[in-house]
Amino acid sequence: GTSGIELYHTIIDKCPDLTNKVIFITGDTEDMSTRHFLEKNQLEFLRKPFGRTELCEAIGRIINR
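Values in this document were obtained by computation on a predicted structure and should not be read as measured data. (Residues numbered from 1 in each chain as written. Predicted model: local features only at pLDDT ≥ 70, side-chain atom pairs only at ≥ 80, totals over all residues. Heavy atoms only, no water.)

(A) Seen up close, the pattern of salt bridges. A full pass over the atoms with the stated rule returns three salt bridges. Close ionic contact of E44 with R61 constitutes a salt bridge, the shortest N to O distance being 2.5 Å. With E44 in strand β2 (residues 44-47) and R61 in helix α3 (residues 52-63), the pair connects residues that are 17 residues apart, well separated along the chain. Judged by its relative accessible area of 10%, E44 falls in the buried class. Put simply, R65 and E44 hold a salt bridge, and the shortest N to O gap is 3.6 Å. Of this pair, R65 sits in the segment after α3 while E44 is found in strand β2, placing the two residues 21 residues apart along the sequence. (Salt bridge = Lys/Arg side-chain N within 4 Å of Asp/Glu carboxyl O. Helix = DSSP H or I, 4+ residues; strand = E, 2+ residues; numbered from the N terminus. Buried < 20%, exposed > 50% of the residue type's maximum accessible area, 1.4 Å probe, protein only.)

In structure tokens form, the structure reads like this:
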């Protein structure tokens, strides 16, 4: 029952050192509020559907930050 944005705020509050290790998975990148949230926070995200290659590339970007 928790949205990804709510979960992200919980991570910020409880484990702020992990905030740059989050990859959002969404099918809702056309929604302006979702897009704004992702861009404002410079968050890595994958659009559904995605494949193994896209997932591995996103993980690589997170690791190399």
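(B) Representation of the environment of R52. Along the chain, R52 turns up in helix α3. Put simply, R52 and P16 are 36 residues apart on the chain and 28 Å apart in space, counted from C-alpha to C-alpha.

(C) Inspection of the pairing of strand β1 (residues 23-26) at higher detail. On β1, burial follows the alternation: F24 and T26 on one face are buried, whereas I23 and I25 on the facing-out side are not. For the handedness criterion, the β-α-β arrangement of β1, helix α2 (residues 32-40) and β2 is classed as right-handed. (Right-handed = clockwise from strand over helix to strand, strands pointing away.)

(D) Broad picture of unusual backbone geometry. At the junction of K48 and P49, the peptide bond is cis and its omega measures out at -10 degrees in the coordinates. Here P49 shows up in the loop between β2 and α3. One non-glycine residue with positive phi stands out, namely Q42, at about 50 degrees. Relative to the helices and strands, Q42 resides in the loop between α2 and β2.

(E) Quick peek at α2. For α2, the full list of buried residues reads T34, R35, F37 and L38. Buried residues of α2 fall within an arc of 160 degrees about the axis and therefore sit on the same side. In this structure, α2 carries M32, S33, H36, E39 and K40 as exposed residues pointing more than 90 degrees from its buried face. Packed against the buried residues of α2 are α1 (4-14), β1 and β2. Downstream of α2 by one or two residues, Q42 has phi in the positive range, about 50 degrees. (Arc of directions from axis to C-beta. Contact = heavy atoms within 4.5 Å.)

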